Amino acid sequence: MAGIVIIGTQWGDEGKGKATDQLGESVDYVVRYSGGNNAGHTIVVNGETYALHLLPSAVLNKNVIPVIGNGVVIDLGVLYEEIDGLLARGIPADRVLVSSNAHIITGYHRVIDKVTEKFLGKRKIGTTGRGVGPAYADKVNRVGIRVQDLFDESILRKKVEASLEQKNALLHKVYNRPAISPEEVSDELLSYAERLRPLMADTSKVLNDGLDAGKVVLFEGAQAHHLDVDFGTYPYVTSSSPIAAGACIGSGVGPTRIDRVIGIAKAYTTRVGEGPFPGELLDEVGEKLRSDGGEFGTTTGRPRRCGWFDALVVQQAARVNALTDLFLTKLDVLTGWEQIPIVVAYDVLGVRHDTMPVSQSDFHHARPIYEYMEGWSEDISTARSFTDLPEAAQVYVKRLEELVGVRISGIGVGPGREQTVMIHDLL
Ligand code: IMP
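Values in this document were obtained by computation on a predicted structure and should not be read as measured data.

For the rest of this paragraph, the subject is the pairing of strand 4 (residues 48-52). Here is the key point about a regular strand: its side chains alternate between the two faces of the sheet. Summarising the sheet, strand 3 (residues 41-45) and strand 4 pair through five bridges and their orientation is antiparallel. Residue pairing across strands places Val 45 opposite Glu 48, the latter belonging to strand 4. As consecutive antiparallel partners, strand 3 and strand 4 are separated by two residues, and within that stretch Asn 46 has a phi angle of approximately 50 degrees, a positive value.

Turning to the sheet that holds strand 10 (residues 217-220), a few remarks are in order. Strands sit in the order 9-7-5-2-10-1-11-15-19-20 across an open sheet of 10 strands; the sheet is mixed. At either margin of the open sheet sits one strand with a lone partner, and together these are strand 9 (200-201) and strand 20 (420-422). When strand 2 (residues 29-32) meets strand 5 (residues 65-68), the two strands line up parallel, connected through four bridges. The residue bridging Arg 32 from the neighbouring strand is Ile 68, located in strand 5.

Let us look at helix 6 (residues 182-196). For helix 6, which comprises 15 residues, the first-to-last C-alpha distance of 21 Å matches the rise-based estimate of 21 Å (1.5 Å per residue) to within 8%. Taken together, the buried positions of helix 6 are occupied by Pro 182, Val 185, Ser 186, Leu 189, Tyr 192, Ala 193 and Leu 196. Each buried residue of helix 6 lies within a common arc of 130 degrees when the element is viewed along its axis, so the set occupies one face. Away from the buried face of helix 6 by more than 90 degrees, exposed residues Glu 184, Ser 191 and Glu 194 are located. Where the residues of helix 6 are buried, they touch helix 2 (76-88), strand 8 (103-104), helix 3 (107-120), helix 5 (153-173) and strand 9.

All right, on to the packing of helix 3 against helix 5 then. Running from N to C, helix 3 and helix 5 cross one another at 25 degrees; their axes reach a closest spacing of 12 Å. By the criterion of interaxial angle, the relationship of helix 3 to helix 5 is roughly parallel. The element helix 3 and its partner helix 5 pack so that their crossing is left-handed. The segment helix 3 lies against helix 5, with Tyr 108, Val 111, Ile 112 and Val 115 engaging Val 160, Ser 163, Leu 164, Lys 167 and Leu 171. Class assignment for the residues of the contact of helix 3 with helix 5 results in seven nonpolar, one polar and one charged.

This part covers the packing of aromatic side chains. Under the defined criterion, the tally for this structure stands at seven aromatic pairs. Ring plane angle 85 degrees and centroid distance 5.0 Å describe the contact between Phe 119 and Tyr 175, whose orientation is recorded as edge-to-face. Note that Phe 119 is positioned in helix 3 and Tyr 175 in the loop between helix 5 and helix 6, a separation of 56 residues in sequence. Measuring from centroid to centroid gives 6.1 Å for Trp 376 and Tyr 396, while their planes differ by 50 degrees, and the two rings are tilted. You can see Trp 376 sitting in the loop between strand 18 (366-374) and helix 12 (391-404) and its partner Tyr 396 sitting in helix 12, a full 20 residues away along the chain.

Criteria and thresholds
- Residues numbered from 1 in each chain as written.
- Predicted model: local features only at pLDDT ≥ 70, side-chain atom pairs only at ≥ 80, totals over all residues.
- Heavy atoms only, no water.
- Pairing = 2+ DSSP bridges.
- Helix = DSSP H or I, 4+ residues; strand = E, 2+ residues; numbered from the N terminus.
- Expected span 1.5 Å × (residues − 1).
- Buried < 20%, exposed > 50% of the residue type's maximum accessible area, 1.4 Å probe, protein only.
- Arc of directions from axis to C-beta.
- Contact = heavy atoms within 4.5 Å.
- Axes fitted to C-alpha atoms, helices over the stretch in contact; angles between N-to-C directions.
- Parallel < 35°, antiparallel > 145°, perpendicular 65-115°, else oblique.
- Left-handed = near helix turned anticlockwise from the far one by under 90°.
- Nonpolar A, V, L, I, M, F, W, Y, C, P; charged D, E, K, R; others polar.
- Phe/Tyr/Trp six-rings, centres within 6.5 Å; stacked < 30°, edge-to-face > 60°.

Limitation: the analysis is restricted to geometry and does not speak to function.
Pasting the structure below:
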């Protein structure tokens, strides 16, 4: 067992940080392979809370080498802020390795992210406003700035100038905004270079060498399956590939080296930003799930939209990502309900769908069809084995397993690292 991928199976915020951290003791490298500081992991260790956006969450484990792969877009100001914050708390975060091929989020990406959202008005995506989408757009348009460009000043200045030429015309003529100075952007990027030099590496080689030597590499997904640019609820998605296959593209490790794909699913469903969400509860039930689960974004503080567990959503993630295991989080949040509904099908204009509809229009019209499970009232936060759970909670978990078709190997019963029920080893 050497290459393990962890991904979110819903719309993000499933608590991947906790599962990753759980494995952290046994792995040698932890790699972020997609997204940027739009992500947010909250990890509680010994009562201390850490909120990370860009660094792999296992950075907290001193025995692990954290890696930021080529598929990530990096805001260097945020990276240094995060490293400094952890250094101040005694965590040697400056050991992170950064791919020389990773693209950089600059100030102009953040400006464009915000103005385009404003311009879209009612059709906005609800992005995190961190410049992630525009940075990926530049990468695909071949006008991006990469980590390695910071070490060749004349090339960097030329690239920034070329990248800004079109954008300044757009900012000025379409969005009525002041143009951005290429000199100022280049100066700012160059000011980051010296600190970046010791971190920069051929991370694909580092990881493949590690695998050759029998080391364990954990690929830590950010965002989630349904925010994937190909398989998510397009266009209400992020601009990268959070799916398991993205781990290969975003790290330079081939697919035959991936041994296990662990999907993380919350015991209910949440989503931030715009986009269809058939099981969304807009009433006091949704409100209670939000307050019981503390469902407010780690990155933007936005309240998350809430609904019951949607089996169709997780089923699709199981298929596309060939999940080997499912890790269920926040089961404790469901304590106290007399009945717990599960979305088991959709009604689309009178037609029953047992899998996610192939067309986005149908998905927009989907209404949930529920199956009702018995709830439990016992405190489950101290459960450590499956049989510690009340009967009704066991039946609920088993039903989810059956509906998704993937074995549930771990269950989160509280925010602490130790508040976990392990059923099957993840390694
Ligand atoms: P962007 O990634 O900032 O471009 O935002 C695109 C969509 O992805 C928006 O709906 C965001 O709310 C959502 N999104 C991005 N990152 C996360 C995350 O880490 N968790 C949940 N949703 C996210």
